[in-house]
Amino acid sequence: TLKRLTLEKIELVRKWRNDPKISQYMFFKDYITPEMQLEWFNKINNDLNYYWIIEHNNEEIGLTNIKDIDMKEKCGESGMFIYEDEYLNSPVPIRASFCHHDFVFEELKLDYMYGQIVSDNKRAVAFNKGLGADITVSQDRKCVLLTITRDNYFKQRNKYKKYFD
């Protein structure tokens, strides 16, 4: 289940983001204070940014988002992390991505999403390739740029139908 991020949950997300197991894969690696987190939430809590807590069996396990939505260009920047280690190699991240991507492509009617992944995050690169993303390594090799189009996503999603059963 994806639940829209609320003010009541920003401290949970801050705790996750400050944990080295998550922050090592983020571009912003500095410690996030409560004040910084509140300022961030106040900036992103609008109709051009959708942040969701990922829940599985009533347990909050991660975060996914589409942000900086451009309705004219029909695109936005996407991201996701799973905090609870036991779900990293399970079908849960795929299911969460399908919920997220279906919303982006079917409800928001975007044509594509894009994102950046720290080059060292091999798991995330492989995961996004599996979801149909086109991957390009940046010139400085510090990040991987990805783009996923509506068509590529729906082609790949059909290969994973067993996760919907």
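Residues numbered from 1 in each chain as written. Predicted model: local features only at pLDDT ≥ 70, side-chain atom pairs only at ≥ 80, totals over all residues. Heavy atoms only, no water.

Considerations on the overall build of the protein chain
At step 1: Along its length, the protein chain carries 6 helices and 7 strands.
At step 2: Element order for the protein chain, N to C, with α for helix and β for strand: β-α-α-α-β-β-β-α-β-α-β-β-α.
At step 3: Here the C-alpha atoms of the protein chain give a radius of gyration of 15 Å, agreeing with the 15 Å that 2.2 N^0.38 yields for 165 residues.
At step 4: Overall, the C-alpha framework of the protein chain stretches about 40 × 40 × 35 Å when taken along its three principal axes.
At step 5: Split into buried and exposed, the 165 residues of the protein chain put 44% on the buried side.
At step 6: Residue pairs in contact within the protein chain that sit at least 24 positions apart in sequence constitute 59% of those at least 6 positions apart.
At step 7: For the protein chain, the exposed surface amounts to about 9,600 Å²; the carbon and sulfur share of it is 49%. (Helix = DSSP H or I, 4+ residues; strand = E, 2+ residues; numbered from the N terminus. Rg over C-alpha atoms; globule rule 2.2 N^0.38 Å. Buried < 20%, exposed > 50% of the residue type's maximum accessible area, 1.4 Å probe, protein only. Contact = heavy atoms within 4.5 Å. Areas by Shrake-Rupley, 256 points an atom, 1.4 Å probe, with all protein chains shown as cover.)

Some words on the environment of glycine 79
At step 1: In this structure, glycine 79 sits in strand E4 (residues 75–82).
At step 2: Taking relative accessible area as the criterion, glycine 79 reaches 22% and is therefore assigned partly exposed.
At step 3: Residues glycine 79 and glutamine 116 lie 37 residues apart in sequence; the distance between their C-alpha atoms is 8.1 Å.
At step 4: Ignoring sequence-local partners within four residues, the contact set of glycine 79 consists of Leu63, Thr64 and Asn65.

Re the nonpolar core
At step 1: With 22 residues, the main nonpolar core has Ile66, Phe105 and Ile148 as its most contacted residues.
At step 2: Of all the elements, helix H4 (residues 92–107) adds the most residues to this core, at 4 residues.
At step 3: Setting aside its immediate chain neighbours within four residues, isoleucine 66 contacts Leu48, Asn49, Tyr50, Trp52, Gly76, Glu77, Ser78, His100, Val104, Leu108, Leu110 and Met113.
At step 4: Ile22, Phe41, Ile44 and Leu63 belong to the second-largest nonpolar core, a separate cluster that totals 12 residues. (Core = buried A, V, L, I, M, F, W, Y, C linked by side-chain atoms within 4.5 Å.)

A closer look at the packing of aromatic side chains
At step 1: According to the stated counting rule, one finds 11 aromatic pairs in the structure shown.
At step 2: Taking 5.0 Å as the distance between ring centres and 55° as the angle between the ring planes, the aromatic pair formed by tyrosine 153 and phenylalanine 154 counts as tilted.
At step 3: Site record: aromatic cluster; members linked through ring pairs are Phe98, Phe105, Tyr153 and Phe154.
At step 4: The positively charged end of lysine 21 is found above the aromatic ring belonging to tyrosine 83, 4.0 Å away from the centroid. (Phe/Tyr/Trp six-rings, centres within 6.5 Å; stacked < 30°, edge-to-face > 60°. Lys NZ or Arg CZ within 6 Å of the ring centre and 35° of its normal.)

Points about helix H1 (residues 10–18)
At step 1: Looking at H1, one finds that the buried residues are Ile10, Val13, Arg14, Trp16, Arg17 and Asn18.
At step 2: Elements in contact with the buried residues of H1: helix H2 (20–23), helix H3 (34–44), strand E2 (50–56), strand E3 (59–70) and E4.

So, the sheet that holds strand E1 (residues 2–4)
At step 1: What the 7 strands build is an open sheet, ordered E1-E2-E3-E4-E5-E7-E6; its pairing is mixed. The sheet is open, and its two edges are formed by E1 and strand E6 (134–137), each paired on a single side. In this sheet, adjacent strand axes meet at a mean angle of 25° when their direction is disregarded.
At step 2: In this structure, E4 lies alongside strand E5 (residues 112–118), joined through 3 bridges in parallel fashion. Counterpart to cysteine 75 in the pairing with E5 is tyrosine 112.
At step 3: Strands in contact with H1 are E2, E3 and E4; relative to E3, the strand with the most contacts, it is inclined by about 95°. (Pairing = 2+ DSSP bridges. Axes fitted to C-alpha atoms, helices over the stretch in contact; angles between N-to-C directions.)

As for the side chain of serine 23
At step 1: Looking at where serine 23 falls in the secondary structure, it is placed in helix H2.
At step 2: Excluding residues that lie within four positions of it along the chain, serine 23 makes contacts with Arg17, Asn18 and Lys29.

So, the packing of H4 against helix H6 (residues 150–159)
At step 1: Two numbers describe how H4 lies on H6: the axes approach to 11 Å, and their chain directions differ by 140°. Judged on the interaxial angle alone, H6 and H4 are oblique. Where H4 crosses over H6, the handedness of that crossing is left-handed. Judged by residue contacts, Phe98, His101, Asp102, Phe105 and Glu106 of H4 engage Arg150, Tyr153, Phe154 and Arg157 from H6.
At step 2: Tallied by class, the residues present in the contact of H4 with H6 amount to 4 nonpolar, 1 polar and 4 charged. (Parallel < 35°, antiparallel > 145°, perpendicular 65-115°, else oblique. Left-handed = near helix turned anticlockwise from the far one by under 90°. Nonpolar A, V, L, I, M, F, W, Y, C, P; charged D, E, K, R; others polar.)

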